[in-house]
Amino acid sequence: VKAEVAVGKKIQVLFNFTDTQELYLLTLRNSILVVDRFDEAPKAGVDVTLTMATITWKKLVLSKTKLEKAQILGGPEVAIEGNMSDLTNFMTNFE
């Protein structure tokens, strides 16, 4: 986490992995990232939900450029629910 960029922010992103049936909620709050695993999706508080297979997540994490990330996120392998600006804001807090 880029601590100086994430100060004062609170964003929650839910990752729904379709191939493993796993749900992870990433909460960025005041420069701290908390990761929680859930059996069911939280009912409230989630700003953005990303639904994809774990291989797609790995491609996203390993992509080197913003263009590669944008192509993956904008492609058919990822479903995004919620505000895109919240997702963009969330992703800018990491190196």
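Residues numbered from 1 in each chain as written. Predicted model: local features only at pLDDT ≥ 70, side-chain atom pairs only at ≥ 80, totals over all residues. Heavy atoms only, no water.

*Asks:* Go over the pairing of strand E1 (residues 10–17), please, and point to the residues and values.
*Replies:* Here E1 lies mainly inside the structure; six of its eight residues are buried. In terms of strand pairing, E1 meets strand E2 (residues 22–29) through eight bridges, oriented antiparallel. Note on E2: the bridge partner recorded for Phe17 is Glu22. The antiparallel pairing of E1 with E2 creates a hairpin that spans four residues between the two strands, and Gln21 there sits at a positive phi of about 60°. Strand direction decides the pairing type here: E1 and strand E4 (residues 48–52), joined by five bridges, are parallel. (Buried < 20%, exposed > 50% of the residue type's maximum accessible area, 1.4 Å probe, protein only. Helix = DSSP H or I, 4+ residues; strand = E, 2+ residues; numbered from the N terminus. Pairing = 2+ DSSP bridges.)

*Asks:* So what's going on with a nonpolar patch on the surface? Which residues, and what values?
*Replies:* On the surface, Val1, Leu33 and Val35 cluster together into a nonpolar patch covering about 220 Å² of accessible area. Summarising the element assignment, Val35 is placed in strand E3 (residues 32–38). (Patch = residues over 30% accessible without salt bridge, like charges linked within 9 Å, V, L, I, M, F, W, Y side chains within 5 Å. Areas by Shrake-Rupley, 256 points an atom, 1.4 Å probe, with all protein chains shown as cover. Salt bridge = Lys/Arg side-chain N within 4 Å of Asp/Glu carboxyl O.)

*Asks:* Give a detailed account of the pattern of salt bridges, specifying residues and quantitative values.
*Replies:* For side chains bearing opposite charge, pairing can occur when the charged atoms are close. According to the stated counting rule, one finds two salt bridges in the structure shown. One salt bridge connects Arg37 with Glu22, and the closest N-O pair in it is separated by 3.6 Å. A residue pair is termed long-range when its members are at least 10 positions apart, and Arg37 in strand E3 and Glu22 in strand E2 qualify at 15 residues. Residue Asp39 is joined to Arg37 by a salt bridge in which the shortest nitrogen-to-oxygen separation is 3.5 Å. For Asp39, a relative accessible area of 70% gives the class exposed. Of the residues examined, Arg37 reaches a relative accessible area of 45% and is grouped as partly exposed.

*Asks:* An account of the layout of surface pockets is needed here, citing residue identities and associated values.
*Replies:* Looking at the largest pocket, its volume works out to about 670 Å³. Lining the largest pocket are 21 residues, and of these Lys69, Phe90, Met91, Thr92 and Phe94 sit closest to its centre. Those elements that place two or more of their residues in the lining of the largest pocket are helix H2 (54–62), helix H3 (66–73) and helix H4 (84–91). At five residues, the largest contribution of residues to the lining of the largest pocket is made by H4. Tallied by class, the residues present in the lining of the largest pocket amount to 14 nonpolar, three polar and four charged. (1 Å grid on protein atoms, 1.4 Å probe; cavity = no way out; pocket = protein on both sides within 12 Å on 5 of 7 lines; lining within 4 Å. Points joined across faces, edges and corners; volume = space filled by probe spheres on them. Nonpolar A, V, L, I, M, F, W, Y, C, P; charged D, E, K, R; others polar.)

*Asks:* Give a detailed account of the side chain of Ser63, specifying residues and quantitative values.
*Replies:* Mapped onto the elements, Ser63 comes out in the loop between H2 and H3. Owing to a relative accessible area of 10%, Ser63 belongs among the buried residues under this scheme. Of the polar contacts made by the side chain of Ser63, one reaches the backbone oxygen of Leu60; its length is 2.7 Å. Other than its neighbours up to four places away in sequence, Ser63 contacts Glu68, Lys69 and Ile72. (Polar contact = N/O pair within 3.5 Å; in protein donor to acceptor, adjacent residues only side chain to side chain. Contact = heavy atoms within 4.5 Å.)

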